[in-house]
Amino acid sequence: MYNPFTLEGKTMLITGASSGIGRSIAIECSKMGGNVIITGRDLARLRQTTNELSGSLNRLIVADLLNQESVYNLAEELPVLDGIVHCAGINKLMPLKFIKDDLFNKVMGTNFNSPALLTSKLHKKKKIAKGASIVFVSSISAFYAALANSVYMASKGAVNAFVKGLALELASSEIRVNSIQPGMIQTSLLENSLLGSEALNDDEARYPLGRYGKPEDVAYTVVYLLSDASKWVTGSILTIDGGVTLR
Ligand SMILES: NC(=O)c1ccc[n+]([C@@H]2O[C@H](COP(=O)([O-])OP(=O)(O)OC[C@H]3O[C@@H](n4cnc5c(N)ncnc54)[C@H](OP(=O)(O)O)[C@@H]3O)[C@@H](O)[C@H]2O)c1
């Protein structure tokens, strides 16, 4: 059947697949025929994701991406990949005067350093196939300010800049690199937010398309970027935000 978005025959790594957006990306990629390798720290939640995957060639690897050794081991263990989705990430709202040294290490480490390091290790080991697609999950926070969010914003801004540099550098190997920047998506990241339900409802009402996003809204975009339908797309930063940043 004609389907330019198929992921049949592709093997893809999806980090942060034990919950939220990453879990949904893994599920949708497997439904589109791809073989997915999922990672996260929480084995029980990774198994829950596995139970929802289609196909029989999927794998699960537990890895703490804040631990350098663990990133090296992951790069060693992985096969040659046709797709990589860097989705693992954390956010912690913190006003400037309460920021402790460790916050920079944790937020920049998880959101920027570790996906950058993993990509570099995989490339050196020739584990990113010719024609592969790499997707970084950034955020509208890269350019859209919110109070107490400056470190997270910086981490996502770094991701977007890295994507531009890599896209240029890897184009001669026919490897595409893109970033997506979602607005608010209904996941545990939001449930653990410091904002109360009233503030969240008010915020949701500002979205021109009338609601916060769902993980699948992001996953479908990632499917497109991993598929050959987007084979002329590289260095793009795609906003998926229900129109909120139009205001
Ligand atoms: N939700 C939103 O509104 C929103 C908006 C824009 C962008 N984003 C971005 O989307 C991505 C996913 O967010 P989400 O909302 O789906 O959050 P989530 O449900 O909290 O999921 C975060 C994922 O990252 C993994 N992770 C965190 N630290 C890790 C570490 N040190 N090593 C390995 N894995 C780690 C978690 O795995 P374990 O729990 O197994 O450790 C989990 O699978 C993040 O990059 C986030 O910045 C989210």
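Residues numbered from 1 in each chain as written. Predicted model: local features only at pLDDT ≥ 70, side-chain atom pairs only at ≥ 80, totals over all residues.

Colleague: So what exactly am I meant to see when it comes to the overall build of the protein here?
Modeller: Of regular secondary structure, the protein possesses eight helices and seven strands. For the protein, whose C-alpha radius of gyration is 17 Å, the value lies close to the compact-globule estimate of 18 Å for 247 residues. Along the three orthogonal principal directions, the C-alpha set of the protein runs to about 45 × 40 × 40 Å. The 247 residues of the protein split such that 41% are buried. For the protein, contacts bridging at least 24 residues in sequence account for 73% of all contacts bridging at least 6. (Helix = DSSP H or I, 4+ residues; strand = E, 2+ residues; numbered from the N terminus. Rg over C-alpha atoms; globule rule 2.2 N^0.38 Å. Buried ≥ 20, exposed ≤ 12 C-beta atoms within 10 Å, placed from the backbone. Contact = placed C-beta atoms within 7 Å.)

Colleague: Explanation requested: the site of the ligand in the structure shown.
Modeller: Neighbouring residues of the ligand: 29 residues in total, closest Gly16, Gly20, Gly40, Arg41 and Gly89. Secondary-structure elements contributing two or more residues to the shell around the ligand are α1 (20–31) and α6 (188–191). Tallied by class, the residues present in the shell around the ligand amount to 13 nonpolar, twelve polar and four charged. (Near = placed C-beta within 6 Å. Nonpolar A, V, L, I, M, F, W, Y, C, P; charged D, E, K, R; others polar.)

Colleague: Teacher, can you tell me more about the sheet that holds strand β2 (residues 35–40) here?
Modeller: Sheets are built from strands that pair by backbone hydrogen bonding, the pairs being arranged parallel or antiparallel. Pairing within the open sheet is parallel, and its seven strands lie in the order β3-β2-β1-β4-β5-β6-β7. Here the strands that pair on one side only, and so sit at the sheet edges, are β3 (59–62) and β7 (237–240). Recorded for the sheet is a direction-independent mean angle of 20° between the axes of neighbouring strands. By the bridge criterion, five bridges tie strand β4 (residues 81–86) to strand β5 (residues 128–137) in an arrangement that is parallel. Each bridged residue has a counterpart across the sheet, and for His86 the counterpart in β5 is Phe136. Strands in contact with helix α4 (residues 101–124) are β4 and β5; relative to β5, the strand with the most contacts, it is inclined by about 180°. (Pairing = 2+ DSSP bridges. Axes fitted to C-alpha atoms, helices over the stretch in contact; angles between N-to-C directions.)

Colleague: How should I be thinking about the nonpolar core in this particular structure?
Modeller: Inside soluble globular proteins, nonpolar side chains tend to come together where they are buried. Of all hydrophobic cores here, the largest spans 49 residues; its most connected members are Ile14, Ile25, Ala26, Cys29, Val85, Val135 and Val222. When near neighbours in sequence (up to four residues on either side) are disregarded, Ile14 contacts Gly22, Ile25, Ala26, Cys29, Val36, Ile38, Val85 and Cys87. (Core = buried A, V, L, I, M, F, W, Y, C linked by C-beta atoms within 7 Å.)

Colleague: In this structure, what is going on with the packing of α1 against helix α8 (residues 215–226)? I would like to understand it.
Modeller: Each pair of packed helices gets described by two things: the angle between the helix axes and the distance between those axes. Here α1 crosses α8 at 50°, and the two axes come no closer than 8 Å. When the axes of α1 and α8 are compared, the pair comes out oblique. Seen from above, α1 lies across α8 with right-handed handedness. The segment α1 lies against α8, with Gly20, Ile21, Ser24, Ile25, Glu28 and Cys29 engaging Pro215, Glu216, Val218, Ala219, Tyr220, Val222, Val223 and Leu226. (Parallel < 35°, antiparallel > 145°, perpendicular 65-115°, else oblique. Left-handed = near helix turned anticlockwise from the far one by under 90°.)

Colleague: Would you take a moment to explain helix α5 (residues 150–170) for this structure?
Modeller: Every α-helix winds through 3.6 residues per turn, so residues three or four apart in the chain are directed the same way. For α5, built from 21 residues, the straight-helix expectation of 30 Å at 1.5 Å per residue is met to within 8% by its first-to-last C-alpha distance of 30 Å. Those residues of α5 that fall on the buried side of the exposure criterion are Tyr152, Ser155, Lys156, Val159, Val163 and Leu166. The buried residues of α5 all sit within an arc of 90° when viewed along its axis, so they share a single face. Exposed residues lying more than 90 degrees from the buried face of α5 are Gly165, Leu168 and Glu169. Structurally, α5 contributes buried residues whose contacts are with α4, β5, β6 (176–182) and β7. (Expected span 1.5 Å × (residues − 1). Arc of directions from axis to C-beta.)

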